[in-house]
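Structure assessment
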Amino acid sequence: MAQLQETIAKLFPEAGFVEGDILEVEIAAERWHDLARELKENDALGFDFLVTIVGMDWPEKFGCIYYLTSTSHNTHISIKVVAPDREKPMLHSVSDLWKIATIFEREVYDFFGIIFIGNPDMRRLFLSIDWNGYPLRKDYDESPEANPVTTESERQSDFTTTYVENSDGTVEAKEVRIFEPNDFVVNIGPQHPATHGVLRFRTAVDGEMVKKIDVYMGYIHRGIEKICEKLTYPQTLHFMDRLDYFSAHPYHHCLCMTIEQAAGIEISRRAQVIRVLMDELSRIASHCLFIGTYCMDLGATTMLFYSLRVREQILDIMDKTCGARMTFNYECIGGVMQDLAPDFVEDVKALLAVLPKNIKEYDKLFVGNVIAKNRLEGVGVMTREDAINWSVTGPSGRASGWACDVRKTDPYSIYGELDFEEVVRTEGDSMARFKVRMDEMVQSARIIEQLIDNIPEGEYCVKVPKVIKLPVGHWFRTVEGCRGTFGVYVESDGSTKPYRLKIVPPCLPAAAVVDHLTRGNKIADLITIGGSLDYIVPDMDR
């Protein structure tokens, strides 16, 4: 960390530094893009992975916190940049350095009204084109009269706005066309079952070939981050079930760890083991559903019934312990809500006994099928550089040769003690993404086998204060969800409620990269490529 700080300080003497879990840098807005370019392109730094952009409304000022990771050095850094003008906040875009920044900056603009100079597409991302106000601002007008419910169809536009800085320093807004005037544009979604939820692709086609996709999100946006600002820390937990509902346990795990770290709460070994067991059972169940629904998208309906057998076994196990089959609300601050069911160990061993045979069946039924090979192999190829540039993590990133498993790169809980392999392939196509998930089920079973006979005695939940107040400060933690890196940023003002709670979902980048991967492919390949990325719409929309 000291060497990193020294390198940046030599290049930018005016930068401020705060040492914590990771190095925090504060830089003036006019110097931000220069620093960003240095961080990305300087081989000694190599911060090529933009994890997230956290928009902020601090007292008297707007700004952003950028979290970056160097995949070559496995180092992390955060950059704080404050917009100089609160009345019309503007920052320079970094979309020319990290492709995913185009989407991340649109999200910040949508919720905070911060304009990013140089971003090619400064439209709202989730909210209606005619929405009034910016919801995550502290002075946002929440009255129903500000945004009345309408019965009219949402206004559409084939234009977007980009802000360009002139040589004299003035900023000019320019209108830009999204599609070419003669493009033939069709809607795929939001009701199409193969978009995996209410996601809409405005697709320009030339015959059967995809020319360009404009992704429309927000149909299931519920304002979870805004709601959390009005709730106590324990009350925020149950929203984790309602993002990627197949990653409910890992998501709970992440938020609990963030709050526990901030509050100085140390949980028992028993609770740590239980959390990891639930995370890995979730991973197997999630991948089973992916296998079944993905094959059904491609016309192989039989596979769904095969893969649901294992998933049902896992849901039965969770039902006995958690009392639910999807929205578990099981992990809590200090451990877990209740102890394991009496026959938990027996049921898990029964699952482990049948899982290898089932995985062989999936392989025989689909992977070796000549039609499946023709539909998946060489289709939707994403290079390692593309995966990093678009922040596509999880199985999809690892299928492109990027070893990005948080359980290995930044081990949390007890993962550093466990013996398992990170599944990485290099083909980068739709078949590779399918196979990575198949192999990850084997590795999750391997983790569970190491723990199931070694669950220690002790408290399943340690005692915590009845009223939880976090000290003034901010914390950021990540875990390996079923679909990739999931993160939670919490900023506290010392009260019982978060001043800011930012959710970093893996499915937003997965949907954002669809346009890049599908250009020049057929419409049928769009279904293949989109399904192989395995995004969940409530996760991206929040």
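Below or above, wherever it landed, is the structure these notes cover. Quick caveat: nothing in here was measured; it's all calculated off a predicted structure.

1. Some thoughts on the overall build of the protein
When you go through the protein residue by residue, the secondary structure sums to 18 helices and 17 strands. Whereas a compact globule of 542 residues would reach a radius of gyration of roughly 24 Å, the protein reaches 23 Å, a difference of no more than 12%. Based on the C-alpha atoms only, the size of the protein along its principal axes is roughly 70 × 60 × 55 Å. Residue burial in the protein is summarised as follows: out of 542 residues, 57% are buried. In the protein, once contacts between residues fewer than 6 apart in sequence are set aside, the share between residues at least 24 apart is 65%.

2. What to know about the pattern of salt bridges
This structure, assessed with the given rule, holds 43 salt bridges. Of the charged contacts, one joins Lys-211 and Asp-183 as a salt bridge, the two residues approaching to 2.7 Å between their closest N and O atoms. Of the two residues, Lys-211 is situated in strand β12 (residues 209–216) and Asp-183 in the loop between β9 (171–177) and β10 (184–188); the sequence distance between them amounts to 28 residues. By relative accessible area, Lys-211 is classed as partly exposed at 40%. Owing to a relative accessible area of 17%, Asp-183 belongs among the buried residues under this scheme.

3. Considering the sheet that holds strand β17 (residues 498–504)
The 3 strands are arranged β15-β16-β17 in an open sheet whose pairing can be described as antiparallel. Lying at the two open borders of the sheet, with one neighbouring strand each, are β15 (473–481) and β17. Strand-to-strand twist across the sheet, computed as the mean angle between neighbouring axes with direction ignored, equals 10°. Pairing between strand β16 (residues 484–492) and β17: 6 bridges, direction antiparallel. Within the sheet, the bridge partner assigned to Tyr-489 lies in β17 and is Lys-502. Packing of helix α6 (residues 248–263) onto the sheet brings it into contact with β15, β16 and β17, and relative to β15 it is tilted by some 150°.

4. Remarks on the sheet that holds β12
Pairing within the open sheet is antiparallel, and its 3 strands lie in the order β10-β11-β12. For this open sheet the edge positions go to β10 and β12, each flanked by a neighbour on one side alone. Neighbour to neighbour, the strand axes of the sheet diverge by 30° on average, direction disregarded.

5. Description of the layout of surface pockets
By volume, the largest pocket is sized at about 1100 Å³. Lining the largest pocket are 47 residues; nearest its centre among them are Phe-126, Leu-127, Ser-128, Ile-129 and Trp-131. Mapped onto the lining of the largest pocket, the elements with two or more residues apiece are α3 (101–112), β8 (159–165), β12 and α4 (224–228). In terms of residue count, the dominant contributor to the lining of the largest pocket is α4 (4 residues). By residue class, the composition of the lining of the largest pocket is 22 nonpolar, 11 polar and 14 charged. Volume-wise, the second largest pocket comes out at about 960 Å³. Ile-22, Thr-69, Thr-75, His-76 and Asp-410 are, among the 45 residues lining the second largest pocket, the residues nearest its centre. Every element with two or more residues in the lining of the second largest pocket is listed here: α1 (2–11), β1 (16–19), β2 (23–27), β3 (49–58), β4 (61–70), β5 (75–82), α13 (406–409) and β15. Residue contributions to the lining of the second largest pocket peak at 5 residues, all from β15. Looking at side-chain class alone, the lining of the second largest pocket contains 21 nonpolar, 18 polar and 6 charged residues.

6. Regarding the pairing of β2
Side chains Leu-23, Val-25 and Ile-27 of β2 all project onto a buried face; the interleaved residues Glu-24 and Glu-26 project onto a face where none is buried. Here 4 bridges tie β1 to β2, and the two strands are oriented antiparallel to one another. If you follow Phe-17 over to β2, its bridge partner there is Val-25. A loop of 3 residues connects β1 with β2, the two strands running antiparallel in sequence. Taken together, the 5 bridges between β2 and β5 define a ladder with parallel strand orientation. By the bridge assignment for β5, Glu-24 is matched with Ser-78.

Definitions and limits used
- Residues numbered from 1 in each chain as written.
- Predicted model: local features only at pLDDT ≥ 70, side-chain atom pairs only at ≥ 80, totals over all residues.
- Heavy atoms only, no water.
- Helix = DSSP H or I, 4+ residues; strand = E, 2+ residues; numbered from the N terminus.
- Rg over C-alpha atoms; globule rule 2.2 N^0.38 Å.
- Buried < 20%, exposed > 50% of the residue type's maximum accessible area, 1.4 Å probe, protein only.
- Contact = heavy atoms within 4.5 Å.
- Salt bridge = Lys/Arg side-chain N within 4 Å of Asp/Glu carboxyl O.
- Pairing = 2+ DSSP bridges.
- Axes fitted to C-alpha atoms, helices over the stretch in contact; angles between N-to-C directions.
- 1 Å grid on protein atoms, 1.4 Å probe; cavity = no way out; pocket = protein on both sides within 12 Å on 5 of 7 lines; lining within 4 Å.
- Points joined across faces, edges and corners; volume = space filled by probe spheres on them.
- Nonpolar A, V, L, I, M, F, W, Y, C, P; charged D, E, K, R; others polar.

The values are spatial; any link to function lies outside them.
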